[in-house]
Every structure is written in C-alpha cells, then in structure tokens.
There are 2 protein chains.
Amino acid sequence: MSITVVGTIGIDDIETPFGRVERTLGGSAAYFALAAANYEPVNLIAVVGEDLPAHSLDPLRGDRIDLTGIEQGQGPNFRWGGRYHMDFNTRDTLFTELGVLADFQPKMPGAYRDAAILFLANLQPSVQMQVIEQAPNARLVALDTMNFWISSARDDLTRVLGMVDMVFMAEDELREFAGIANLRAAAQRVMNMGPKFLVIKLGSYGALLLGRDGTYFAAPAFPLDEVRDPTGAGDSFAGGFLGSLAAALANKRELGAVDYRRALLHGNIMGAFACEAFGVERFASLTRTDLDARYNQLVSYTHIDGGA
Amino acid sequence: MSITVVGTIGIDDIETPFGRVERTLGGSAAYFALAAANYEPVNLIAVVGEDLPAHSLDPLRGDRIDLTGIEQGQGPNFRWGGRYHMDFNTRDTLFTELGVLADFQPKMPGAYRDAAILFLANLQPSVQMQVIEQAPNARLVALDTMNFWISSARDDLTRVLGMVDMVFMAEDELREFAGIANLRAAAQRVMNMGPKFLVIKLGSYGALLLGRDGTYFAAPAFPLDEVRDPTGAGDSFAGGFLGSLAAALANKRELGAVDYRRALLHGNIMGAFACEAFGVERFASLTRTDLDARYNQLVSYTHIDGGA
C-alpha cells in the first residue's frame, strides 16, 4: 500500500566531528521517502527552488518513489546548515533559508489520493491541514512537528492534531507542548487532542509508542559502532515506522498491536541507518537483506528468549 | 543463594518538587539490600555512627537481611543531602559528611563467606579490593562505582576492575572513565580490563547489558506515573539485577543468557520502585505479587507478541 509524504527537499551543509559536506540533498521528505521506499512505494510532494543543483534529486529516482508531486517554485531552494558536536545530542543550526518553502501551497496529484498512508513531515501546521483536506481517503494520517511550530503556531498545531491518527514528537517537544514533565502524562494530554497513537522519539535511547487504548511499547535504538551524521534520523525513523505499517496493510484489512510494535523497531532501524553516513548516502547501498538482518538483531537485543 | 553486599548506611536529607524528608535511612547498602531481599537472603556489611537515630535500621530488620555485618564505628554516621529539580535528571548534592565511613575497614563475618554473589556498592576502590579478598568463594563479584572515584582513584579503580565479573556504571561515568563517547566502544574498553559483563545505567531510559561474549541486551525503564524521589534508584537497580541472578543460581548450576536478560528487567523494576516514594519507604509495602505484575508488564512493553 503506497504512502504519500509531504515535506521538504533541502540543500544541506553538514559538519560533524567526522567531516563535512556541502550542498547535499536533505529535507524531511527526502529522508522519509528513502527510508519508507524500502517497504512500499512512496509518493512525494515538495517544492524545489530554481537553484537546486542538477542531479540533486538523483538519490530519489528509481521505481519506488513517485516524484510527480515535486513542484518547481520561483526563487531559491530551501537550505539548512548544521553543526554537530562530539556527543551528537546537541546541534547548532548555522542557517535556515526558507526560499520557495515560504509560499509552499502543496497540491496533491490525483494519482496520490489513493495512498493508504499520508505522512505530514515537519511543515507549518496550516499547510499540513491543507494537505489533509486533499486526502480524504487515507486510512492513516501521521504528523511530525517541531519546537518552532510549538512556540509560533500553537493554535494551528492543536487544530491539526485533531485531524490526524498518529503523531511523532521528540521527547523535549512533547514536554514543551504539553507543559508536563512526565512523558506518559504529557502523551495522554496530546492524545486527548485527537491522535490515537503517539510515538515519542528519544534520540540515541530509542522510542516509545503510546496509544489511547493503553498501548505502551518501548524499543531501544539500534546500536551503531559509529554515528557519522544524525541529520534526517527523525524523518528516516518515521519512514521506517510508516513503511513497515504500509507493508502490513498490504496483507491485511486492519492493523493490529503486533504491526505497530514491529513498526517501532523498523523506525529505530531506519533512524540508525540514516546516522551511519553523511546526508542520505547510506540509503543508496541499503538492501532488504541489511534491513532484515538488523530487524532480527534488534529483536534479539530486546527479547528475553533472543527472539527465538 | 544468598548475596553479600558491602556499602553505606546513610542518614539522608532529601528534597524534591514533591516534598522533603530529613534524617531518613539511606545509603547504597540499604537500598541494595531492600531490593535484593525480595529475591534471596542478603548479608549486609556496613559501618554506622554513634549518632544513628534509634529505629533507623528498622526497615532492614526481618528474616531476609542479615545485619550481623553492621559494625558500630566511633564518630558520626555518614550523611548525605540532595535536592532534585523538576526533570529529576540532575540533582544538587547539598552536603556529604563521611563520618565513620572515612576509616571503614570492612570485615566479613564468617557466615557471609559462602554467599554466591558479592556486591561491592560504591566505596573507595581500595576498600572494595579488601572485601573481594575476604570472599574467595563468591561465584559472581559485581561492582558499582561513581564519578568521584573515576577522577580521584583511577588506578585503584582500574585494578579492582580486574578482580570482578561484572560492573554497573552510569552512562556518563562509563564515558568519562573510558574517554570514549560511543557506549559500545567504551564498554569494550572497560571489559578489556577484566569484567565479563557491564551494565550501563541510562537513568529514565532504562539500561543496557553488554558482555565480552558479544551479549547486547536493552531494557527500558519501567514507566511511572509519578517519580517522587530517585535517591537509591541505582543501588535498587543492582539489587533487583543481582537478586534475580541469585534466585536463578538457586535452581541451576550455571547462569545462562536468559537469566542475565531477565535480571536486566528486574533491575529496572526495582529502580522504579525506589523512585515511587521518598527514601526506602516503597520497599516496606512491596510484595512478590507487585514485583511479578511489573515484570510481566515490562515484558509486554518490550516483546512484539506482548510476551504471550
């Protein structure tokens, strides 16, 4: 079952203790699509600028990601620059230039409307709402957000939360938005606004899945020998999670508890893959065999019987 | 199979956003013993001061904890005062008065020498060494340490690491001691000094178990609706972990992978119980039924099939 994502295509400058890259493909929609396409076909909606370097979109090309929803805007592309330090838990944003993103009015191609899952990557909440209205047939609508909208567009964010089935939030974003330090209580407050499920991203500690039905599931991060660049880990996490759910939906009518639990492991696995190389590089060589091997490892790391 | 613990008996003043207590029973040996005694009998070695309030040791009395190893020192008892803030991840130590602890030379009662497991709670590494030498028959020797000894007694700490089977370290202590940011690489460096297993305590994120044999196992924290006082959580964690191993040793000759994995869940469960009330209070009402219920819950929170 295909997945539609609306988000950003960025040109990123990234600096980590392991090196630096300039003008590399980035953006939430790029990471999400590359992760989710390992499971099911992805439809991408984004806007690009006139200065997008030739071949920038090459990593997205192939038969798994539909790019007809990429619109050419008038003006410069969205750009982001960031620097990570040795512990990778904090980063400095060096610059953010919205460019064509500032006036982005996403339009959903007709062929995208039948996608089973719609993912609204981090964007202005009012824009996220416009996209939801264009996809009335989606069986599952999921949303990502970030601190910036929590402080600058809280009312719109609250409204869009009432329109989605699932939300991805980083731990600190959840605490800030809910105004509650205890994660379970904070999650309950957000779910009371509408979403049936909340995924709390804990960075290098993994993630939690909570549900209005009492669901509570925890998955650790997939341990890496070396983190090279965490850019895009959150969007890749969402791609693994929703990609895995889309694959489950291809085989059954209704998602069950086991599907959501597996999805949380797949999210962590894709988030880790994103961290293993600069930018979106790791996805170029990623195979289904790599993915299955890591899934089985992560099961063995968390199950008392080793997942046997 | 019984467990011997050597550590501190403290008089604590604790302040959290939920209230404050003064002159309450604390110390690493107290928390460890109260947690481990839920599984197997515990032998306690510690020194107390002349000013220890009457009835202070009452929470430890009963048929599960042998107190004959508590020595009466000359001088004031060890005292500690701390203040926690809203997020509970940082605490201010308000005062530490060593008192009789400064000259503590632990002596192991003869009846303690047959204990299967020896736990060296946080103490000066040279003192920990003296205790190991008095327990040549222990089948498993485990050690806890803290930042203070890493900076002030690194050589002794390195030597004692060569004499133990297992180490408990908080994430930041491990990074500091090993001088490596990546947890797996840091753990490998410590295990190269001797220990077969390393347990990394991640605070509110749970814990990891790593082994020289390649063991890697992760367990999340048991989620609480309310954290009231995290004092003693690390020692209670060790008590749950080693208590559970001692119970396994009562039924079999050799510990297997499943025993260590279960122990990591029990550690997290006991750490969480410690946080639910001030000081050691929660242990007074704790039943085997509570413990088993939480264990089953934590399995269901981490196993894809819900632990069924």
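Conventions adopted
- Residues numbered from 1 in each chain as written.
- Chains lettered and ligands numbered in written order.
- Predicted model: local features only at pLDDT ≥ 70, side-chain atom pairs only at ≥ 80, totals over all residues.
- Helix = DSSP H or I, 4+ residues; strand = E, 2+ residues; numbered from the N terminus.
- Rg over C-alpha atoms; globule rule 2.2 N^0.38 Å.
- Buried ≥ 20, exposed ≤ 12 C-beta atoms within 10 Å, placed from the backbone.
- Contact = placed C-beta atoms within 7 Å.
- Nonpolar A, V, L, I, M, F, W, Y, C, P; charged D, E, K, R; others polar.
- Axes fitted to C-alpha atoms, helices over the stretch in contact; angles between N-to-C directions.
- Parallel < 35°, antiparallel > 145°, perpendicular 65-115°, else oblique.
- Left-handed = near helix turned anticlockwise from the far one by under 90°.
- pLDDT = per-residue confidence, 0-100.
- Least-squares fit on C-alpha atoms with pLDDT ≥ 70 in both.
- Pairing = 2+ DSSP bridges.
- Core = buried A, V, L, I, M, F, W, Y, C linked by C-beta atoms within 7 Å.
- Arc of directions from axis to C-beta.

Q: Explain the overall build of chain A to me, using residue names and the numbers behind them.
A: Check the secondary structure of chain A and you find 10 helices and 13 strands. Computed over the C-alpha atoms, the radius of gyration of chain A is 18 Å, within 12% of the 19 Å expected from 2.2 N^0.38 for a compact globule of 308 residues. Across its three principal directions, the C-alpha atoms of chain A cover 55 × 40 × 40 Å. Going through the 308 residues of chain A one by one, you find that 51% of them count as buried.

Q: Before we move on, could you go through the interface of chain A and chain B and cite the residues and values that matter?
A: Quite often, the size of an interface is put as the accessible area lost when its parts meet. Contacts between the two partners involve 26 residues from chain A, matched on the other side by 26 residues from chain B. Among the elements of the structure, helix 6 (183-191), strand 13 (216-219), helix 8 (257-275) and helix 10 (288-302) of chain A are those that each provide at least two residues to the side of chain A that touches chain B. A class-by-class count of the residues in the side of chain A that touches chain B yields 15 nonpolar, 4 polar and 7 charged.

Q: I'd like to hear about unusual backbone geometry, residue by residue, with values.
A: Although it is not a glycine, A:Arg23 adopts a positive phi angle of roughly 50 degrees. With respect to the helices and strands, the residue A:Arg23 is situated in strand 3 (residues 19-26).

Q: Outline the packing of helix 8 of chain A against helix 10 of chain A, supporting the account with residue identities and numerical values.
A: Residue and element names in this part refer to chain A. One can describe the packing of helix 8 onto helix 10 by two numbers: an axis separation of 10 Å at closest approach and a directional angle of 120 degrees. Between helix 8 and helix 10, the crossing angle belongs to the class labelled oblique. Crossing angle aside, the handedness with which helix 8 passes helix 10 is right-handed. Within the contact between the two elements, helix 8 uses Leu 265, His 266, Asn 268 and Ile 269 and helix 10 uses Leu 291, Arg 294, Tyr 295, Leu 298 and Val 299.

Q: Run through the confidence of the model for chain A, naming residues and quoting values.
A: Reading fine detail from the predicted coordinates is not recommended where pLDDT is low. Taken over all residues, the pLDDT of chain A has a mean of 95, while the share at 70 or more is 100%. On the interface metric, ipTM, the complex scores 0.93, and its pTM is 0.95.

Q: Tell me about the relation of the copies chain A and chain B, residues and numbers included.
A: When chain A is brought onto chain B, the operation consists of a screw motion whose angular component is 180 degrees and whose axial shift is 0.0 Å, with 0.0 Å RMSD remaining. Taken together, these values place the two copies in the relation of a two-fold axis. A share of 100% of interface residues in chain A that are also interface residues in chain B marks the association as one of identical surfaces.

Q: Residue-level account of the sheet that holds strand 3 (residues 19-26) of chain B, with values.
A: All names here are of chain B. Strand order in the open sheet made by the 4 strands is 3-2-6-7, with mixed pairing throughout. A single partner strand is all that each edge strand has here, and the edge strands are strand 3 and strand 7 (91-97). Strand-to-strand twist in this sheet, taken as the mean axis angle between neighbours without regard to direction, amounts to 15 degrees. One ladder, built from 5 bridges, connects strand 2 (residues 10-16) with strand 6 (residues 79-84); its direction is parallel. The residue bridging Ile 14 from the neighbouring strand is Gly 82, located in strand 6.

Q: So what about the environment of A:Ala30? Which residues, and what values?
A: Residue and element names in this part refer to chain A. Note that Ala 30 resides in helix 1 (residues 28-36). Looking at Ala 30, the number of C-beta atoms within 10 Å reads 32, which means it is buried. Sequence separation between Ala 30 and Val 5 is 25 residues, and the spatial gap between their C-alpha atoms is 9.3 Å. Those residues in contact with Ala 30 that lie beyond four places of it in its chain are Ile 9, Leu 25, Leu 60 and Val 280.

Q: Can you lay out helix 1 of chain A for me, pointing to particular residues and giving the numbers?
A: Burial within helix 1 of chain A is extensive, with 9 of its 9 residues counted as buried. Looking at helix 1 of chain A, one finds that the buried residues are A:Ser28, A:Ala29, A:Ala30, A:Tyr31, A:Phe32, A:Ala33, A:Leu34, A:Ala35 and A:Ala36.

Q: Before we move on, can you summarise the nonpolar core with the specific residues and values?
A: In terms of nonpolar packing, the biggest core is built from 198 residues, with A:Ala33 and B:Ala33 touching the most fellow members. Here B:Ala33 is in contact with B:Val5, B:Val42, B:Leu44, B:Leu60, B:Ile65 and B:Gly239, once residues within four sequence places are set aside.

Q: Hey, could you go over the environment of A:Met191 for me, with residue numbers and the actual values?
A: Residue and element names in this part refer to chain A. One can find Met 191 in helix 6. Remark: the alpha-carbon pair of Met 191 and Tyr 301, spanning 110 residues in sequence, is separated by 30 Å. Ignoring anything within four residues of it in the chain, the contact list for Met 191 reads Leu 198 and Arg 212.

Q: I'd like to hear about helix 6 (residues 183-191) of chain B, residue by residue, with values.
A: All names here are of chain B. Along helix 6, the residues classified as buried are Leu 183, Ala 186, Ala 187 and Val 190. Along helix 6, the residues classed as buried sweep out an arc of 100 degrees about the axis, all on the same side. Where helix 6 is buried, its residues touch helix 4 (154-161), strand 10 (166-170), helix 5 (171-178), strand 11 (197-201) and strand 12 (207-211).

Q: Can you break down the sheet that holds strand 2 (residues 10-16) of chain A residue by residue, with the values?
A: Residue and element names in this part refer to chain A. Strand order in the open sheet made by the 4 strands is 3-2-6-7, with mixed pairing throughout. In this open sheet, the two edge strands, each paired with only one partner strand, are strand 3 and strand 7 (91-97). Each strand of the sheet is rotated relative to its neighbour by a mean of 15 degrees, with strand direction disregarded.

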